[in-house]
Amino acid sequence: MGILDRIFKKREQENLWTKCPDCKTLLYVPDLNKNLKVCPKCDYHFPMGAKERVDSLLEKDNREVLFENMLPTDPLNFKDTKSYKDRLKKAQESSGLTEALYVVEGNLNSKRVILSTLDFKFIGGSMGTVVGERFFRACERAIEKGIPHVSITSSGGARMQEGILSLMQMAKTSFGVGLMREKGVPFITVLTDPTMGGVSASYAFLGDIILAEPKALIGFAGPRVIEQTIKQKLPEGFQRSEFLLEKGQIDMVVHRKDLKATIHSLLQKL
């Protein structure tokens, strides 16, 4: 076996195991994936990619991926340590997505739905112009077809590389939700770790029903920023989904293995 073969074999073996960041248990990745990326020892919910989310919720038949022809550009010719164009290219290669928002129409059990899912691996799930436009068009399609819209969020907020153009998407996405509400189209949001910034301050909290995964960090500014600003120690579990449920800001905390059945049950009632 040559040197390169040994390197690739070692990498393959390393990729088969991971450590739970919560309980530190060493986990076999294929088994973890079968368990919807939830630690079997402590129930820690590992991050899930957008395509994994779709696979966990929608039937494999009769899916239609939407708005993939809408691609991000560099309207401000932005550059920090590297150009925005290079960041987009790297994000697309590493995530396998064309943008942070992945929109699919499909069947959730017996219900036809529009599912829009943010992927944190794509520049922190940040909301830029294309994310906002894709979400708005998902709202329009839900209205046109008279089917519910389910949105799963995982985001650090607005995309700074697009400046004020990204902040405008807060108004656009909120307007899209308003149009659905006028037409009586159900809208359910599922907040996952993390849901912060401009996404939490816009459509994430506009669902007819707001669900969250266990221990998800949800808020606008992060807890460290808040502590530094107000010079006070924050309560235990502050900004976690259980804390928000206790304060009445979300409707349910749902374990990932129960999410599909819960959403289906809610849609039956709506």
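Above this text is the structure in question.
None of these values were measured; they are calculated from a predicted model. (Residues numbered from 1 in each chain as written. Predicted model: local features only at pLDDT ≥ 70, side-chain atom pairs only at ≥ 80, totals over all residues. Heavy atoms only, no water.)

**Side note on the packing of helix H5 (residues 129-145) against helix H6 (residues 163-182)**
Each pair of packed helices can be described by the angle between their axes along with the distance between the axes. Filter applied, for reference: Only C-alpha atoms enter the line fits that serve as axes; for helices the fit covers just the stretch in contact. Angles between N-to-C directions range over 0 to 180 degrees. Comment: elements are numbered from the N terminus, with helices defined as DSSP H or I runs of at least four residues and strands as E runs of at least two. By definition in this entry, angles of less than 35 degrees are roughly parallel, angles greater than 145 are roughly antiparallel, angles of 65 to 115 are roughly perpendicular, and the rest are oblique. Any two residues whose heavy atoms approach within 4.5 Å at even a single point are treated as in contact. Classes in brief: Ala, Val, Leu, Ile, Met, Phe, Trp, Tyr, Cys and Pro nonpolar; Asp, Glu, Lys and Arg charged; the others, Gly included, polar.
For the pair H5 and H6, the least separation of the axes is 8 Å and the interaxial angle reads 5°. With respect to each other, H5 and H6 are oriented roughly parallel. Along the contact surface, H5 presents Thr129, Gly132, Glu133, Phe135, Phe136, Cys139, Ala142 and Ile143, while H6 presents Leu165, Gln169, Lys172, Thr173, Phe175, Gly176, Val177, Leu179 and Met180. Across the contact of H5 with H6, the residue classes break down as 10 nonpolar, 5 polar and 2 charged.

**Comments concerning the nonpolar core**
Note the cut-off: We define the nonpolar core as a collection of buried residues of types Ala, Val, Leu, Ile, Met, Phe, Trp, Tyr and Cys that are connected through side-chain atoms lying within 4.5 Å of one another. Relative accessible area decides the class of each residue, using a 1.4 Å probe on protein chains only: under 20% of the type maximum gives buried, over 50% gives exposed, and in between gives partly exposed.
In this structure, Tyr203, Leu211 and Ile263 are the most contacted members of the largest nonpolar core, which totals 56 residues. At 6 residues, the largest contribution of residues to this core is made by H5. If we ignore the near neighbours within four places in the chain, the residues touching Leu211 are Ile188, Thr189, Val190, Leu191, Met252, Val254, Leu259, Thr262, Ile263 and Leu266. Listed in part, the 5 residues of the second largest apolar core include Cys20, Leu27, Leu32 and Cys39.

**Concerning H5**
For clarity, the threshold we go by: What a helix should span is 1.5 Å times the count of its residues minus one.
With 17 residues, H5 extends 24 Å from end C-alpha to end C-alpha; this agrees with the ideal 24 Å at 1.5 Å per step. Among the structural elements, strand S3 (64-66), strand S4 (101-108), strand S5 (111-118), strand S6 (149-155), H6 and strand S7 (187-195) are those in contact with the buried residues of H5. Downstream of H5 by one or two residues, Gly146 has phi in the positive range, about 65°.

**Describing the packing of aromatic side chains**
Quick note on the threshold: Any Phe, Tyr or Trp ring, taking Trp's six-membered ring, that has another such ring centre within 6.5 Å forms a pair; planes under 30 degrees apart are called stacked, those over 60 apart edge-to-face, and the others tilted.
Evaluated as defined, the whole model comprises 6 aromatic pairs. Ring plane angle 80° and centroid distance 5.1 Å describe the contact between Tyr44 and Phe46, whose orientation is recorded as edge-to-face. When its relative accessible area of 25% is taken as the criterion, Tyr44 is described as partly exposed. Phe46 sits in the buried class, given a relative accessible area of 10%.

**Concerning the pattern of salt bridges**
As a reminder of what qualifies: For this document, the term salt bridge refers to a Lys or Arg side-chain nitrogen within 4 Å of an Asp or Glu carboxyl oxygen.
In the structure shown here, the tally under the stated rule is 20 salt bridges. The closest approach of N and O atoms between Glu52 and Lys37, which form a salt bridge, is 3.1 Å. Of this pair, Glu52 sits in helix H3 (residues 50-57) while Lys37 is found in the loop between helix H2 (29-34) and H3, placing the two residues 15 residues apart along the sequence. For Glu105, the salt bridge goes to Arg112, with nearest N and O atoms at 3.0 Å.

**Re the pairing of S5**
Spelled out, the test is: Here, a strand pair is defined by DSSP locating no fewer than two bridges between the strands.
Taking burial as the measure, the 8 residues of S5 include 6 buried ones, the bulk of the element. Pairing between S4 and S5: 8 bridges, direction antiparallel. The residue bridging Leu101 from the neighbouring strand is Leu118, located in S5. Linking S4 to S5, which pair antiparallel, is a turn of 2 residues; within it Asn109 sits at a positive phi near 55°. Pairing between S5 and S6: 4 bridges, direction parallel. Directly across from Leu115, in S6, lies its bridge partner Val150.

**With respect to the pairing of S4**
Of all 8 residues that make up S4, 8 are buried, and the element is covered over most of its length. Sheet analysis places S3 next to S4, joined by 3 bridges and oriented antiparallel. Its bridge partner lying in S4, Leu66 is registered against Val103.

**So, the sheet that holds strand S9 (residues 252-253)**
As summarised here, the arrangement of the 7 strands in space is S3-S4-S5-S6-S7-S8-S9, forming an open sheet in which the pairing is mixed. With one partner strand each, in any of the chains shown, S3 and S9 form the two edges of the open sheet. Sheet strands touched by H5: S3, S4, S5, S6 and S7. Its angle to S4, the strand with the most contacts, is close to 25°.

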